[in-house]
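Observations on the three-dimensional arrangement
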Number of protein chains: 2
Amino acid sequence: MKPMTKSPLQIARSSYQPKLPAALKGNVVLKEGATTESVADQADIKSLFPNTYGMPLITFETGVKKENPTVGVGVILSGGQAPGGHNVISGLYDGLKALNPENKLYGFLGGPSGLVDHEYIELTKEIVDEYRNTGGFDIIGSGRTKLEEEWQYEKGAEICKKLGINAIVVIGGDDSNTNACVLAEYYSQKNTGIQVIGCPKTIDGDLKNEMIETSFGFDTACKVYSELIGNIQRDANSAKKYWHFIRLMGRSASHITLECALQSQPNICIVYEEVEAKNQTLNNVVNDIVDVIVHRANHGLNFGTILIPEGLIEFIPAMKKLIAELNDLLAHNEDFNAMNTDEEKRQYVKGLLSKESSDVYRSLPKGIAKQLTLDRDPHGNVQVSLIETEKLLIEMVAKRLAQFKAEGKYKGKFSAINHFFGYEGRCAIPSNFDADYTYSLGYTASILISEGKTGYMSSIRNLTAPATEWIAGGVPITMMMNMEKRHGKMKPVIQKALVLLDGAPFKFFASQRESWADEQSSYVYPGPIQYYGPTEVCDQPTHTLLLEQGK
Amino acid sequence: MKPMTKSPLQIARSSYQPKLPAALKGNVVLKEGATTESVADQADIKSLFPNTYGMPLITFETGVKKENPTVGVGVILSGGQAPGGHNVISGLYDGLKALNPENKLYGFLGGPSGLVDHEYIELTKEIVDEYRNTGGFDIIGSGRTKLEEEWQYEKGAEICKKLGINAIVVIGGDDSNTNACVLAEYYSQKNTGIQVIGCPKTIDGDLKNEMIETSFGFDTACKVYSELIGNIQRDANSAKKYWHFIRLMGRSASHITLECALQSQPNICIVYEEVEAKNQTLNNVVNDIVDVIVHRANHGLNFGTILIPEGLIEFIPAMKKLIAELNDLLAHNEDFNAMNTDEEKRQYVKGLLSKESSDVYRSLPKGIAKQLTLDRDPHGNVQVSLIETEKLLIEMVAKRLAQFKAEGKYKGKFSAINHFFGYEGRCAIPSNFDADYTYSLGYTASILISEGKTGYMSSIRNLTAPATEWIAGGVPITMMMNMEKRHGKMKPVIQKALVLLDGAPFKFFASQRESWADEQSSYVYPGPIQYYGPTEVCDQPTHTLLLEQGK
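Overview of the structure. (Residues numbered from 1 in each chain as written. Chains lettered and ligands numbered in written order. Predicted model: local features only at pLDDT ≥ 70, side-chain atom pairs only at ≥ 80, totals over all residues. Heavy atoms only, no water.)

**Concerning the overall build of chain A**
Rule in force here: Helix numbers and strand numbers start at the N terminus; a helix is a DSSP run of H or I with at least 4 residues, a strand a run of E with at least 2. Within these notes, the globule rule equals 2.2 Å times the number of residues to the 0.38 power, and the radius of gyration is based on C-alpha atoms. When a residue's accessible area, from a 1.4 Å probe over protein chains only, is under 20% of the maximum for its type it is buried; when over 50% it is exposed; and in between it is partly exposed. The protein chains shown are the only cover counted for residues, whose accessible areas, like all others here, come from Shrake-Rupley with a 1.4 Å probe. As used throughout, the charge tally considers Lys and Arg to be positive and Asp and Glu to be negative, leaving His and the chain termini uncounted. Charged side chains are reduced to one point each, which is NZ for Lys, CZ for Arg, CG for Asp and CD for Glu.
On a plain count of helices and strands, chain A comes out with 22 helices and 15 strands. The C-alpha radius of gyration computed for chain A amounts to 25 Å, which stays within 12% of the reference 24 Å derived for 551 residues, consistent with globular compactness. Along the three orthogonal principal directions, the C-alpha set of chain A runs to about 80 × 60 × 50 Å. In chain A, buried positions account for 61% of the 551 residues. When the accessible surface of chain A is totalled, it reaches about 20,700 Å², and 50% of it is carbon and sulfur. Taken together, the 57 basic and 66 acidic charged side chains of chain A have centroids lying 3 Å from each other.

**Remarks on the interface of chain B and chain A**
To be explicit about the condition: Contacts are assigned to residue pairs with any non-hydrogen atoms lying within 4.5 Å of each other. Accessible surface is computed with a 1.4 Å probe, and the buried area is the amount of it that two parts give up when combined, taken over both parts together. The term salt bridge refers to a pairing of a side-chain nitrogen on Lys or Arg with a carboxyl oxygen on Asp or Glu at a separation within 4 Å. Here a polar contact is recorded for every N or O atom pair within 3.5 Å, except that within protein the pair must consist of a potential hydrogen donor and a potential acceptor, and residues adjacent in sequence are included only if both atoms are side-chain atoms. Residues were grouped as follows: Ala, Val, Leu, Ile, Met, Phe, Trp, Tyr, Cys and Pro as nonpolar; Asp, Glu, Lys and Arg as charged; and all remaining residues, including Gly, as polar.
The partner chain A presents 60 residues to the 60 residues of chain B that form the contact. Across the chain B to chain A interface the summed buried area is about 4,500 Å²; carbon plus sulfur atoms make up 53%. Linking chain B with chain A are 6 salt bridges. Close ionic contact of R426 of chain B with D235 of chain A constitutes a salt bridge, the shortest N to O distance being 2.7 Å. The interface formed by chain B and chain A contains 26 residue pairs in polar contact (both at pLDDT 80 or more). At the level of elements, α1 (8–13), α8 (218–239), β11 (416–421) and α21 (535–538) of chain B are the ones that each hand at least two residues to the side of chain B that touches chain A. When residues in the side of chain B that touches chain A are grouped by element, the largest group, 10 residues, is from α8 of chain B. Along the lines of polarity and charge, the residues of the side of chain B that touches chain A split into 27 nonpolar, 19 polar and 14 charged.

**Remarks on the pairing of strand β8 (residues 243–248) of chain A**
Looking down a regular strand, the side chains alternate between one sheet face and the other. Residue and element names in this part refer to chain A. Here is the rule we go by: Each pair of strands is called paired provided DSSP finds at least two bridges between the two strands.
Of all the 6 residues making up β8, 6 are buried; the element is thus mostly covered by neighbouring parts of the structure. In this sheet, strand β10 (residues 304–309) lies alongside β8 in parallel orientation, the contact comprising 6 bridges. Residue pairing across strands places H244 opposite T305, the latter belonging to β10. Bridge analysis of β8 against strand β11 (residues 416–421) gives 6 bridges, and the strand direction is parallel. Within β11, the residue paired with R247 across the bridge is F420.

**A few points about the packing of helix α9 (residues 255–264) of chain A against helix α20 (residues 504–518) of chain A**
Residues and elements named next belong to chain A. Rules: Only C-alpha atoms enter the line fits that serve as axes; for helices the fit covers just the stretch in contact. Angles between N-to-C directions range over 0 to 180 degrees. Between 65 and 115 degrees an angle is taken as roughly perpendicular, under 35 as roughly parallel, over 145 as roughly antiparallel, and anywhere else as oblique. The hand of a helix crossing depends on one turn: near helix anticlockwise from the far one by less than a right angle means left-handed, and clockwise means right-handed.
Running from N to C, α9 and α20 cross one another at 55°; their axes reach a closest spacing of 11 Å. Overall, the two elements α9 and α20 adopt an arrangement that is oblique. Along this stretch, α9 crosses α20, giving a crossing that reads as left-handed. For the pair α9 and α20, the contacting residues are L258, A261 and L262 in the first and P505, F506, F508, F509 and W516 in the second. Broken down by class, the residue content of the contact of α9 with α20 amounts to 8 nonpolar, no polar and no charged.

**Remarks on the nonpolar core**
Where a protein is soluble and globular, its nonpolar side chains tend to be buried together. To keep things clear, this is the line we draw: Residue types Ala, Val, Leu, Ile, Met, Phe, Trp, Tyr and Cys, when buried and joined through side-chain atoms within 4.5 Å, form a set referred to as a nonpolar core.
Counting 164 residues, the largest nonpolar core has V169 of chain A together with V169 and Y225 of chain B as the members making the most contacts within it. In this structure V169 of chain A touches V73, G74, V75, I76, L92, I197, C199, A445 and I449 of chain A, once residues within four positions along its chain are discounted.

**Quick look at the side chain of S458 of chain A**
Residues and elements named next belong to chain A. In this fold, S458 is placed in strand β12 (residues 456–461). At a separation of 2.7 Å, a polar atom in the side chain of S458 contacts the main-chain carbonyl oxygen of L441. Every residue in contact with S458, bar those within four places of it in the chain, is listed here: I197, G198, C199, P200, I212, L441, T444, A445, L448 and G473.

**Some thoughts on the sheet that holds strand β1 (residues 28–35) of chain A**
All names here are of chain A. Pairing is mixed across the open sheet formed by 9 strands, whose spatial order is β1-β2-β13-β12-β7-β6-β3-β4-β5. Of all the strands in the sheet, the pair left with one neighbour each is β1 and β5 (120–122). Taking the axes of each pair of neighbouring strands and ignoring which way they run, one obtains an average angle of 25° across the sheet. Pairing of strand β2 (residues 56–62) with strand β13 (residues 471–476), which is carried by 2 bridges, proceeds in the antiparallel orientation. Paired with T59 across the two strands is G473, which belongs to β13. Contacts from helix α3 (residues 85–99) reach β3 (72–77), β4 (104–108), β6 (167–172) and β7 (195–200), with the element oriented near 175° to β3.

Right, here's the structure in full:
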């Protein structure tokens, strides 16, 4: 391997020693707490997970030194990248070596498929050292293969047996951790002796609950996006002539968008959990935006910023219905596929939709309507992720403002610029918070393994306190589960955390947004993530976490 | 004014004391060097600038304290935002107050129009302190009004007289500094007693020459874009499934794109000065990209990054010709405007273009061809800036790859994601380099004013040395001028600095690009701008500057 060319910051960061909770610094003993229940559907979950249901919560304390038998561990990065993945691995590595220098760590390559296809490397000190405190998942790569079938589990057991692997650590989001738990249960039932431990990863912030305060990567990604939003806001406030429509990654929850709003105080921020709760239409959303634009124009302010969550379209109830109807209508529809012109297809679709969906369809700008009808994935489904929601909104807002202008209700100027941020933050160099948190998560996983635990998620709590006061331990994954319908069948899954409209982060936002919309400028400019310098600049957790914990 | 809510970094940065060249730290005396000539067209420039031509270069040295009469100064921010504008103003303010506490500084609001329309504020300590070391131009706003006519100069003189302003500082790009020099000459000729000093601003980096080593803002903006490019590259190298096409601001020169390439080492970087020099067509550019994609695919690497300068389309000679023909054909063309369908317009245009341009027009994806024909500005001109070049290239590359696949020449997978970065960097918090450089530029301007100079640009040289060794002084603006055709007439203008194909930055890039294209990953991850920490992390100038100065 040719050595990487490194930037000065990469070189400087490589020697950063992540902060650990006090309990992890010496010899650790495990303290078992109360037994647990799943968040809902207890009987179902219990029957599906007879071996891994109801296990106690675990915390760690400082204890006496003991002998630890040699273990082999395999680690998997699953799904989309999140800052800190490499530090989970370096924490896991250091923890395993501290327990017993003979312990070995293997990395399965390219995500869960590496376990099934027996693609792996041994993670040596040389390799791990090269990736400390860096962003990305490139140390072993990631992938989206789902571990859901017995033959996959058996192939996994085969390679574990061959390599002497006693435990697998799955670093992933809610789905990957659900699958990790199913795998843990399967290996317990089959007496393979293979433990499975999960780690909570996702920039989206939707894997959290009573015991998991936040998923890793959320902090860093939101800080990168907020840096950019702040820069754009300063530009808007200097040039005073553009409305910036900024879409942010996060298809199934608005946590990223809300956190960025709390950090940067834009004029408008759309939270789709609210759109859904209010049963708003796309026109309602457009009208809300137009109201603010007109109001600001009346005060001579023809500029502003709007944050838009990636998955907005899918959360608007009427759009959701339209998309579902289109998917039903058009999947494998030979008549439709045989049609020659766009107009023919458009008319055909309009004729078959329900009255309500047909009205929604007609109200959409032509380009979007066409995209919904024509650009379909191999299964015939609408490719919602391809819809540039920020451009759709700009088009609809401009049209409405033109009407208003014609009616004399609006005298401003409207020029809009669109942005989408996602890939810009998923592999950023982890913030001190994420570097410390992920290293601690990995270190914790090593101890859960050495104590013979399986079906647990590595857990670090009390995250708004200094790192030394963080509480390390393990949470049974079954505790986070309920039954949900997936592809028409009820499945045990980890409950996804949406933005709670009665939660402190949203309530704070809701109490502020009118003044943010109104004023010349309430903008805050967070600036880039700092790794050195005053602690209030370098070590702050997210506003979401601070507000959730009453700070 | 309601106080701003500030981020922790904003608060911490407000107390940063910019570093100054040693000569500016105490009492300064001025040292005049050799007289100067313009870079070309000496006779023409001399006749146009009888009062401000041929003045000597100026440097500063430490000297004895002297009495400085009170002066009033007005400052103007002109054109697009660039990080550090606020520090030019705070340096100017501090310099003026150090010379004589009675000196006054006024800010003209909203750009050069503030001078003409008599919109201004006095810049007090309270105001200036609020903006130290921050990004943006919001302290007084900016604007794009051009100072080109005598009545504007007269209106300016009127307000200067009223406020007791002896000197105007224009912070702007090449055009604004050209106009500053014309204004200086006019005020000299008319014996108004008003001096004019320029400061070299533009993120584009195209205002530089023998005496001006770099324009301010270029450093910070390139570092912000490079941070994002690095993050995207780490993502590409982790997911291993996307080609990222990244367009970067900078319409008239590729400096930003080249600097970002030097910082991040992408697989492909297009420099349009090279495209023009080689007389390449759009198809040539596409073919070059496809070659690299196919080559990487042959080695199993179906991912990569491509940097594209914003103004590429305008620099491709055949496209430039097509656009010029379209502009001639369609401006105020009533026949064309009366046509009803896109197809009718398309056929009409095809019929009237030259053979060469018609061929180019036919080769373009339909969407782009339509945009060139239909989306026209109020003067009937093609709106080149609206063309999303990165999407155009993705479409053309995908088409070519599909052909290759059908012919069995390509077996890879091609998925592309597009990005455009511009507004994200123009108002970033200035890097230490830009904070120091701009503060020194402003401070220098105050001394040039107190010494009665006019028609000079504030100049700080030796910028790759530590700030204390920087050389402060002034350069006659006429020295940077030549005659160029503008709107059909020969005009004296500051020569724009394009990327030199025989310059060290391009030559270094050219020597490396094959290995960057080939390898699994040569990516460098610069990370976010750091304001605290090791000096090699926090205080480095651009690679462009280091290479230009042989470092």
